[in-house]
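Letter by letter, the chains look like this.
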Amino acid sequence: MTTTPPEMARRELAAFLRSRREALVPSDVGLPPRIGASRTPGLRREEVAALAGVSVDYLVRLEQARDIRPSAQVVGSLSRALKLSGDQTGYLFTLAGHRAPERPTDRKIPEGIAQLVHDVEPLPAMVLDYRLDILTINETMAALLLDIDERPAESRNVLRMCFLDKSFDGFYEARDDVVRGAVADLRAAWVDHSHDAHLALLIDELQHGSAEFARYWQSREVSIRSRGDKPMRHPLVGPVTVTFDVLTPLGDPDLRLIVYRPADAQSRAALTELGPLRARRRGRHLRTI
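Reading the values: rules and limits
Residues numbered from 1 in each chain as written. Predicted model: local features only at pLDDT ≥ 70, side-chain atom pairs only at ≥ 80, totals over all residues. Heavy atoms only, no water. Helix = DSSP H or I, 4+ residues; strand = E, 2+ residues; numbered from the N terminus. Rg over C-alpha atoms; globule rule 2.2 N^0.38 Å. Buried < 20%, exposed > 50% of the residue type's maximum accessible area, 1.4 Å probe, protein only. Contact = heavy atoms within 4.5 Å. Lys, Arg positive; Asp, Glu negative; His and termini not counted. Charge placed at Lys NZ, Arg CZ, Asp CG, Glu CD. Salt bridge = Lys/Arg side-chain N within 4 Å of Asp/Glu carboxyl O. Pairing = 2+ DSSP bridges. Polar contact = N/O pair within 3.5 Å; in protein donor to acceptor, adjacent residues only side chain to side chain.

(A) Geometry of the overall build of the protein chain. Across its full length, the protein chain carries twelve helices and five strands. A compact globule built from 289 residues would reach a C-alpha radius of gyration of about 19 Å, whereas the protein chain, at 25 Å, exceeds it by more than 25%. Seen through its C-alpha atoms, the protein chain measures out along the principal axes to roughly 75 × 40 × 35 Å. The buried share of the protein chain, taken over its 289 residues, is 42%. By sequence separation, contacts in the protein chain at least 24 residues apart represent 55% of the contacts at least 6 residues apart. If the 41 positive side-chain charges of the protein chain are averaged to one point and the 40 negative ones to another, these points end up 3 Å apart.

Next comes the structure, spelled out in structure tokens:
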């Protein structure tokens, strides 16, 4: 990972603050419109300084790329005063040498990504977040993962599935590789989301509920797997080996679109068989209710 040299970052921060200030008009921030023509494009420094709770002199020095480093609190105040978007706020924090604040954890999946999950049928596909919660899943993937979509929403998590759900005992042929990789992936995500209370609760639950997870978590392995193979043994169709790819939407790097492809002819036949088997089983269930 490359970093921006301090002097270059200061110049870019100064230019960015000026451009965002000049892009606003008083009504954007709840101020009365000015009477008559103004030679100052956008907001005045005095107006932004008052909205952000900093001195005009301090804002001037920032916009002149002076050798000062604003605190995270000041950067947050400036981002709110300038009505910055989430992406713009992250950019400003990075330029100032701080980690960007956490975004809301319960984000809506982009409509196009959610539709794509179903468009790739009969290939198994799902969308995970950085906590490895399953946010959406298609029929084939749900059938492959032992009808995971029929369980409570809080149970639809890859780590809970692997470490706390006895139904998956013996499911993965190369279990150690799968679970070690999942924990290493979570460790990689944790560094950017260590203040996420939901993530902290998940890790605590897993550490108390599984000595195996606790051991892998304490090993501090860090790895993000973007592709690979997973041999499985499904109770209905037997051995299935898939090749998986992990795709990250450019607009939301905290989401992962995962698509499985059969690794051989036997696995293709097994995946094809899963859909009808699931449909017949559900039909019998409905008739007995």
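Resuming the write-up.
(B) Broad picture of the pattern of salt bridges. Going through the model one piece at a time under the given rule, you end up with 19 salt bridges. Among the ionic pairs, Arg21 bridges to Glu63, the shortest N-O distance being 2.8 Å. Highlighted residues: Arg21 in helix α1 (residues 6-22) and Glu63 in helix α3 (residues 56-63), separated in sequence by 42 residues. Here the two residues Arg21 and Glu63 agree in accessibility, since each one is buried. Measuring nitrogen to oxygen at the nearest pair gives 2.7 Å for the salt bridge that ties Arg45 to Glu63. With Arg45 in helix α2 (residues 45-52) and Glu63 in helix α3, the pair connects residues that are 18 residues apart, well separated along the chain. Residues joined by salt bridges that share partners form a network here, namely Asp129, Arg131, Asp133 and Asp196.

(C) Fine view of the pairing of strand β3 (residues 227-234). Here eight bridges tie β3 to strand β4 (residues 238-247), and the two strands are oriented antiparallel to one another. Residue Pro231 lies in a different strand from β4, and its bridge partner there is Thr241. Hairpin connection between β3 and β4: a loop of three residues separates the two successive antiparallel strands.

(D) Representation of the side chain of His98 in the model. Here His98 shows up in the loop between α5 (86-95) and α6 (111-119). Here the side chain of His98 touches Pro70 through a polar contact of 2.7 Å, landing on its backbone oxygen. Discounting chain neighbours no more than four positions away, the residues touching His98 are Arg69, Pro70, Ser71, Ala72, Val75 and Phe93.

(E) Representation of the environment of Ala263 in the model. The residue Ala263 is located in the loop between β5 (256-262) and α12 (265-288) in this model. Residue classification places Ala263 among the partly exposed residues on the basis of a relative accessible area of 40%. In the structure, Ala263 is positioned 20 residues away from Thr243 in sequence and 5.7 Å away in space, judged by C-alpha atoms.

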